[in-house]
Amino acid sequence: MVVRIVTDSGADIPEEVCSELGITVVPLTVTFGVDSYRDGVELKSDEFYRRFIEEDAMPTTSQPSVGSFVEAYDALKDSADEVLSIHVSSNLSGTLNSAIQATSQTGLGSKIRLIDSKQVSMGFGFSVIAAAEAANQGASLEQTAAAAQSTLDRTSVFVLFDTLKYLEKGGRMGKASALLGTVLQIKPILTLDDGVIAIKQKIRTFRKGIQSMSQLVDACGSLESAAVLYTTDPSEAVRFADGLKGNLPDGSTPTTVRLSPAIGTHGGPGVLGVVCVSA
């Protein structure tokens, strides 16, 4: 039985990895004013962040349409017996709901298994990769789903924000809404708690926030894999990634990932994050 893997652009998996592993990516939509773009397809990160910084219009995002998922699933009918579809947290996006509705409109129907990652970006991207690697080795649907869930269960995400205004405007504050209205000038480190954004630490300066994130990574113990996330400062991301090499197996290096437009919309400039998968 051939199993194929489907995800959405909120996973932030590098294009070359998706191509190599045969992962199907359904793009979210990013809108500037009256113009809408398929995330990562019609609007790449470099152009998105340039416009984000230079233009007055605040971008917005929306989940893929049901039709987009039907099209993606139908395209796999001739090459797959079953499909594992893994998506961004349902508490942050309606993407999973679109995928659920699509299953009743495609020929694969009950042969599609859906997973709510309760994560974002490479916080579930690593689980998609694990599932694809298992599927390519001939694993069953149950086995690929187990590989994905095992990775999710061992994943921690910590994100340092320069400002919360974009997260607030996008309505994604979650449990971090307690920070709104504070008189303190803080640089919060946020995490995901059962799919909802939550406060991990409150830091006074960005530099101290980076130090605190390093300590949080160390607390995760030995790592199987890691990714450093950023929006506008690749040099800071590279420096942070260099400092994580000792937490990984010999010869392994963290992946450095620029947040896609659909995810970066809610973070804004200056975001630095880390995803850790414990060994």
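The structure contained in this document is the topic of the report that follows.

So, how was this worked out
Residues numbered from 1 in each chain as written. Predicted model: local features only at pLDDT ≥ 70, side-chain atom pairs only at ≥ 80, totals over all residues. Heavy atoms only, no water. Helix = DSSP H or I, 4+ residues; strand = E, 2+ residues; numbered from the N terminus. Rg over C-alpha atoms; globule rule 2.2 N^0.38 Å. Buried < 20%, exposed > 50% of the residue type's maximum accessible area, 1.4 Å probe, protein only. Areas by Shrake-Rupley, 256 points an atom, 1.4 Å probe, with all protein chains shown as cover. Lys, Arg positive; Asp, Glu negative; His and termini not counted. Charge placed at Lys NZ, Arg CZ, Asp CG, Glu CD. Polar contact = N/O pair within 3.5 Å; in protein donor to acceptor, adjacent residues only side chain to side chain. Contact = heavy atoms within 4.5 Å. Pairing = 2+ DSSP bridges. Right-handed = clockwise from strand over helix to strand, strands pointing away. Phe/Tyr/Trp six-rings, centres within 6.5 Å; stacked < 30°, edge-to-face > 60°. Lys NZ or Arg CZ within 6 Å of the ring centre and 35° of its normal.

### Quick notes on the overall build of the protein chain
Thinking step 1. Of the regular secondary structure elements, the protein chain holds 10 helices and 13 strands.
Thinking step 2. Taken against the 2.2 N^0.38 rule, which gives 19 Å for 279 residues, the C-alpha radius of gyration of the protein chain at 18 Å falls within 12% of a compact globule.
Thinking step 3. Its C-alpha atoms put the protein chain at 55 × 50 × 30 Å along the principal axes.
Thinking step 4. Expressed as a percentage of its 279 residues, the buried residues of the protein chain come to 54%.
Thinking step 5. Put simply, the protein chain shows about 12,200 Å² of open surface, and 47% of that area lies on carbon and sulfur atoms.
Thinking step 6. Looking at the protein chain, you have 23 positive and 32 negative side-chain charges, and the mean spots of the two groups are 7 Å apart.

### With respect to the side chain of Glu236
Thinking step 1. By secondary structure assignment, the location of Glu236 is in helix H9 (residues 234–242).
Thinking step 2. Relative accessible area serves as the criterion here: at 8%, Glu236 is assigned to the buried category.
Thinking step 3. In this structure the side chain of Glu236 is engaged in a polar contact, spanning 3.3 Å, whose partner is the side chain of Arg239.
Thinking step 4. Here Glu236 is in contact with Arg207, Ile210 and Leu272, once residues within four sequence places are set aside.

### Quick notes on unusual backbone geometry
Thinking step 1. Even without glycine at this site, Lys118 takes up a positive phi of about 60 degrees.
Thinking step 2. Along the chain, Lys118 falls in the loop between strand E7 (112–116) and helix H5 (122–136).
Thinking step 3. Residues other than glycine seldom take positive phi values, yet Ser121 does so here, at roughly 55 degrees.
Thinking step 4. You can see Ser121 is positioned in the loop between E7 and H5.

### Re the environment of Arg38
Thinking step 1. Position of Arg38 among the secondary structure elements: in strand E4 (residues 35–38).
Thinking step 2. Ignoring any residue separated from it by four or fewer positions in sequence, one finds Arg38 in contact with Pro27, Leu28 and Leu43.

### Brief notes about the pairing of strand E8 (residues 155–160)
Thinking step 1. Of all six residues that make up E8, five are buried, and the element is covered over most of its length.
Thinking step 2. Both E8 and strand E13 (residues 272–278) contribute to a ladder of six bridges, which runs antiparallel. In the sheet register, Thr155 faces E13, and the bridge partner there is Val277.
Thinking step 3. Alignment of E8 against strand E9 (residues 189–193), held across two bridges, turns out to be antiparallel. Residue pairing for E9: Val159 is matched across the bridge by Leu190.

### A few points about the pairing of strand E11 (residues 223–230)
Thinking step 1. The buried fraction of E11 is high, at seven of eight residues.
Thinking step 2. Bridging between E11 and E13 involves seven bridges; their strand directions are antiparallel. Its bridge partner lying in E13, Val228 is registered against Val274.
Thinking step 3. With four bridges connecting them, E11 and strand E12 (residues 255–258) associate as parallel partners. By the bridge assignment for E12, Ala227 is matched with Thr255.
Thinking step 4. Read as a crossover between parallel neighbours, the route from E11 over H9 to E12 is right-handed.

### Comments concerning the packing of aromatic side chains
Thinking step 1. This structure, assessed with the given rule, holds five aromatic pairs.
Thinking step 2. Ring centres of Phe48 and Tyr49 lie 4.8 Å apart, and the angle between their planes is 75 degrees; this geometry places the pair in the edge-to-face category. Neither residue differs from the other here; Phe48 and Tyr49 are each classed as buried.
Thinking step 3. Among the aromatic residues, ring-to-ring pairing joins Phe32, Phe48, Tyr49, Phe52 and Tyr166 into one connected group.
Thinking step 4. Taking NZ or CZ as reference, Arg51 lies 4.3 Å from the ring centre of Phe32, over its face.

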